[in-house]
Amino acid sequence: MADVAGLLAEIVGDSNVLGGAQIREDFSHDEALGLTPVMPVAVVFPRSTADVARIVAAANEHHFALTARGSGTGLSGAAIPARDGVVVSFERMNRIIEVDTANHVAVVQPGVTLEELDRATEEHGLVYPVFPGESSASLGGNVATNAGGMRAVKYGVTRHQVLGLEAVLGTGEVIRSGGKFVKATAGYDLTQIITGSEGTLALVTEATLKLHPRLPYAATLLAPFATLPEVTRAVPAIVASGLSPLMVEYIDLMTMASLISVANLELAIPPTIKDTAQAYLVVVLEDRIDDRLEDDIVVLAEMLTGRGALDVFVLPDYAGSALIEAREQAFWIAKSSGAEDIVDVVVPRAQIPAYLDEVSALAATTGSWVAGCGHAGDGNVHLSVFQADPDKRSRLIHGIMAAGTRFGGAVSGEHGIGVSKKEYLAAVEDPAKIALWRRIKVAFDPNGILNPGTIFDLEETTRR
Ligand SMILES: Cc1cc2nc3c(=O)[nH]c(=O)nc-3n(C[C@H](O)[C@H](O)[C@H](O)COP(=O)(O)OP(=O)(O)OC[C@H]3O[C@@H](n4cnc5c(N)ncnc54)[C@H](O)[C@@H]3O)c2cc1C
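Visitor: I keep staring at the environment of Q278 and nothing clicks. Help me out?
Guide: Here Q278 shows up in the loop between α9 (271–276) and β14 (279–287). If we ignore the near neighbours within four places in the chain, the residues touching Q278 are F225, A226, T227, D252 and L253.

Structure (structure tokens):
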């Protein structure tokens, strides 16, 4: 095999390539649970689109696979490199090219993190509203996974914010699609097909993202309920109320207990209610005008009480922020509690109660423990799976995925398929669609060099 690190150094210079013992183990995995890390043969740090195009050309010529990497916070193993493959790290393509306040867009290189973009937009009174739980994630990674997060119930997910892309195809060709406009009917929408493709079709080198006004007033309401089904049954009415909530999250009893203890939350819930509550709903409202927010709080509190909430607490700002931050940490808490896997099936929001009933039955029949919280407003249920036996775990997760699909949902709402969920996707997905995906993959990446073996297997290109 060619000296891949040497070849890459000829393209980008020695200081932008790591090979052999220089490569940190961090580059061998993302944050998905239970997967085997794979060390790449090299890590390359392009600094421009031209660098990326030349790296792709070299991969085609010398037959090595490329796995794009943003910040490595993914939860599906999609940033684990192929065997004998190369990681293309975008951390040095991290420039905010422009915050265009007249057209309400930001143009960014893929390595910019959510945190950096948030800081840059704040000074203009604007916001990029996609907030998946990990703000160190890169925009390139967000685009590639179609990231969601808690605010999707109001603003939608990444694909609703991506107006345009520059990308390098698996052929090495550089394309631009979309732009600083909100509509176009001018041929197939390549922006949308690349968004969510988990680095398998193209390497994103620039993204044009929609910005929104940053609303100054927000309030967090916490509503404990006596049962989990009551919580989830309340959700459709809240979403349909016209209050346009920023977040609608459910948290089950076990997850709430962990969040309170790990994050040391002071929510001032009276003991009588704490003892009765089996699940919680967290709703965040935002507004441009303080008085209007106050009116909406009253309407929402009445609505929650009418739907069975044991009480409704309007949290002080510091407690509301602490609860949302703790909710963002739910993954780390599940991991440290020993969860073997995380599932993020999405179902139509009105189906959540019936779906969770079925999940409980599946957990009981396999002797497993399943706990969770989720973006209830989107029907996106995040479940931590505790089952040490791999066969039972696989049976349980197959059952969970099949139930989600039967209820009209999908295997993953936002984490993506990567390598960790592809077996489950293959079991429930229409073979005609998978065959079409394969043909699309070949059109973008005829030699199968981009993240092979991710989402689905393409026989002749799979290297892991
Ligand atoms: C604590 C925690 C909470 C989280 N909460 C959420 C949540 O609420 N919602 C949510 O959606 N996700 C969540 N995630 C998952 C993760 O943050 C997202 O998937 C994020 O989009 C990954 O970004 P990244 O930069 O880390 O990508 P990486 O993990 O580096 O890569 C992810 C995928 O994107 C590809 N990729 C990266 N850059 C490019 C590029 N320039 N071109 C083409 N492909 C590229 C990679 O090949 C891979 O397929 C959470 C993760 C953690 C650890």
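On we go from here.
Visitor: Help me understand the site of the ligand in this model?
Guide: Around the ligand, the surrounding shell holds 37 residues, and the nearest of these are A68, G70, G72, T73 and S138. A distance of 2.8 Å separates an oxygen atom of the ligand from a polar backbone atom of G74. With respect to the ligand, the side chain of E414 contributes an N or O atom lying 3.0 Å from a nitrogen atom. Relative to its unbound accessible area of 980 Å², the ligand is 98% covered by the protein chains. Counting only elements with at least two residues in the shell around the ligand, the list comes to β3 (66–69), α4 (139–145), β10 (202–210) and α12 (330–336). Broken down by element, the shell around the ligand gets its largest block of residues, 5 residues, from α4. Looking at the shell around the ligand, its residues break down into 15 nonpolar, 17 polar and 5 charged.

Visitor: I keep staring at unusual backbone geometry and nothing clicks. Help me out?
Guide: Glycine aside, the phi torsion of most residues is negative, and most peptide linkages are trans. The phi dihedral of H63 falls on the positive side, at around 60°, and the residue is not glycine. The topology assignment puts H63 in the loop between α2 (49–62) and β3. Located in the positive-phi region is E198, a residue other than glycine, with phi close to 55°. Looking at the secondary structure, you find E198 in the loop between α6 (190–194) and β10. Overall, E198 belongs to the buried group, its relative accessible area being 6%.

Visitor: What is the right way to read the packing of aromatic side chains from this model?
Guide: For the structure shown, the criterion picks out 5 aromatic pairs. Consider the rings of F331 and W332, whose centres lie 5.0 Å apart with planes at 65°: the pair is edge-to-face. Lying across the ring of F45, R92 places its NZ or CZ 4.0 Å from the centre. Across the ring face of F131, the terminal group of R151 is positioned such that the distance to the ring centre comes to 3.7 Å.

Visitor: What is the right way to look at the pattern of salt bridges in this model?
Guide: Note on pairing: side chains with opposite charge can pair once their charged atoms come close. Summed over the entire model, instances satisfying the criterion amount to 17 salt bridges. Residue D100 is joined to K180 by a salt bridge in which the shortest nitrogen-to-oxygen separation is 2.9 Å. Remark: K180 occurs in the loop between β9 (174–178) and α6 and D100 occurs in strand β5 (residues 96–100); sequence separation between them is 80 residues. What makes K180 partly exposed here is its relative accessible area of 34%. In this structure, the salt-bridge partner of R292 is D287, at a minimum N-O distance of 3.4 Å. Owing to a relative accessible area of 39%, R292 belongs among the partly exposed residues under this scheme. Taking the relative accessible area as the measure of exposure, D287 reaches 8% and is therefore buried.

Visitor: Teacher, can you tell me more about the sheet that holds strand β6 (residues 105–108) here?
Guide: What holds strands together in a sheet is hydrogen bonding between their backbones, with the strands either parallel or antiparallel. With respect to topology, 5 strands assemble into an open sheet ordered β5-β6-β10-β8-β9, the strand pairing being antiparallel. In this open sheet, the two strands that pair with only one neighbour each are β5 and β9. Strand-to-strand, the axes of this sheet are offset by a mean angle of 15°, without reference to chain direction. Strand direction decides the pairing type here: strand β8 (residues 162–169) and β10, joined by 7 bridges, are antiparallel.

Visitor: How do you make sense of helix α13 (residues 352–365) when you look at a structure like this?
Guide: In an α-helix, one full turn covers 3.6 residues, which means residues spaced three or four apart are oriented alike. Look at α13: 20 Å from first C-alpha to last across 14 residues, which is about the 20 Å you get at 1.5 Å a residue. Residues of α13 that are buried: I352, P353, Y355, L356, V359 and A363. Down the axis of α13, the sector holding all buried residues measures 160°, keeping them to one side. Within α13, the exposed residues directed more than 90 degrees away from the buried face are A364 and T365.

Visitor: I keep staring at the confidence of the model for the protein and nothing clicks. Help me out?
Guide: For any part of a model where pLDDT is low, the fine detail of the predicted coordinates should not be relied upon. Of all residues in the protein, 98% attain a pLDDT of 70 or more, and the chain-wide mean is 95. A low-confidence stretch, residues 460–464 (pLDDT under 50), is modelled with 24 contacts involving residues beyond four sequence positions or located in other chains.

Rules behind the numbers
Residues numbered from 1 in each chain as written. Predicted model: local features only at pLDDT ≥ 70, side-chain atom pairs only at ≥ 80, totals over all residues. Heavy atoms only, no water. Helix = DSSP H or I, 4+ residues; strand = E, 2+ residues; numbered from the N terminus. Contact = heavy atoms within 4.5 Å. Near = heavy atom within 4 Å. Polar contact = N/O pair within 3.5 Å; in protein donor to acceptor, adjacent residues only side chain to side chain. Areas by Shrake-Rupley, 256 points an atom, 1.4 Å probe, with all protein chains shown as cover. Nonpolar A, V, L, I, M, F, W, Y, C, P; charged D, E, K, R; others polar. Buried < 20%, exposed > 50% of the residue type's maximum accessible area, 1.4 Å probe, protein only. Phe/Tyr/Trp six-rings, centres within 6.5 Å; stacked < 30°, edge-to-face > 60°. Lys NZ or Arg CZ within 6 Å of the ring centre and 35° of its normal. Salt bridge = Lys/Arg side-chain N within 4 Å of Asp/Glu carboxyl O. Pairing = 2+ DSSP bridges. Axes fitted to C-alpha atoms, helices over the stretch in contact; angles between N-to-C directions. Expected span 1.5 Å × (residues − 1). Arc of directions from axis to C-beta. pLDDT = per-residue confidence, 0-100.

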